[in-house]
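A look at the structure
Next come the chains, spelled out residue by residue.
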Amino acid sequence: QVQLVESGGGLVQAGGSLRLSCAASISIFNFKPMGWYRQAPGKQRELVATITNDERTNYADSVKGRFTISRDNAQKTWYLQMNSLKPEDSAVYYCNAVRIWPTHTYWGQGTQVTVSS
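Below or above, wherever it landed, is the structure these notes cover. Bear in mind the structure is a predicted one, so any value in this text is a computation, not a measurement.

Basis of the calculations
Residues numbered from 1 in each chain as written. Predicted model: local features only at pLDDT ≥ 70, side-chain atom pairs only at ≥ 80, totals over all residues. Heavy atoms only, no water. Pairing = 2+ DSSP bridges. Helix = DSSP H or I, 4+ residues; strand = E, 2+ residues; numbered from the N terminus. Axes fitted to C-alpha atoms, helices over the stretch in contact; angles between N-to-C directions. Salt bridge = Lys/Arg side-chain N within 4 Å of Asp/Glu carboxyl O. Buried < 20%, exposed > 50% of the residue type's maximum accessible area, 1.4 Å probe, protein only.

This part covers the sheet that holds strand β8 (residues 77-82). What the four strands build is an open sheet, ordered β1-β3-β8-β7; its pairing is antiparallel. One side of each edge strand has no neighbouring strand; the edge strands of this open sheet are β1 (4-7) and β7 (67-72). For this sheet, the mean angle separating the axes of adjacent strands, direction not counted, is 15°. In this sheet, β8 lies alongside β7 in antiparallel orientation, the contact comprising six bridges. Looking at the pairing, S70 lines up with Y79 of β8.

Counted by the stated rule, this structure contains five salt bridges. With its nearest N and O atoms 3.1 Å apart, the salt bridge here joins D61 to K64. Using a relative accessible area of 65% as the deciding quantity, one classes D61 as exposed. For K64, a relative accessible area of 49% translates into the label partly exposed. Through salt bridges that share partners, R38, E46, R66 and D89 make up one connected network.

Set out below in structure tokens:
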């Protein structure tokens, strides 16, 4: 069974940085674009960033220039480096991957990011 295990959340002051990691139990070349989503209390889950197998990236406008998504194929892991954090970035962050075949969507367990003002 495919598993995605997240790590790296926590509490940080505004302006600080955190790095999230998502480790997969299989080669990440099995996945279509992998990504990160977040969900704040009372809000819908929203896309934060994605990265493809040829390392094309896409970001939500709210995080462009502050967040960077990257991958390490050998470690079967992708990352979200978050800099210049703002209180509005506070949310539970989920990693996401869609397996190419058989098609299936996987989610990490979620990690809390809290940014204090």
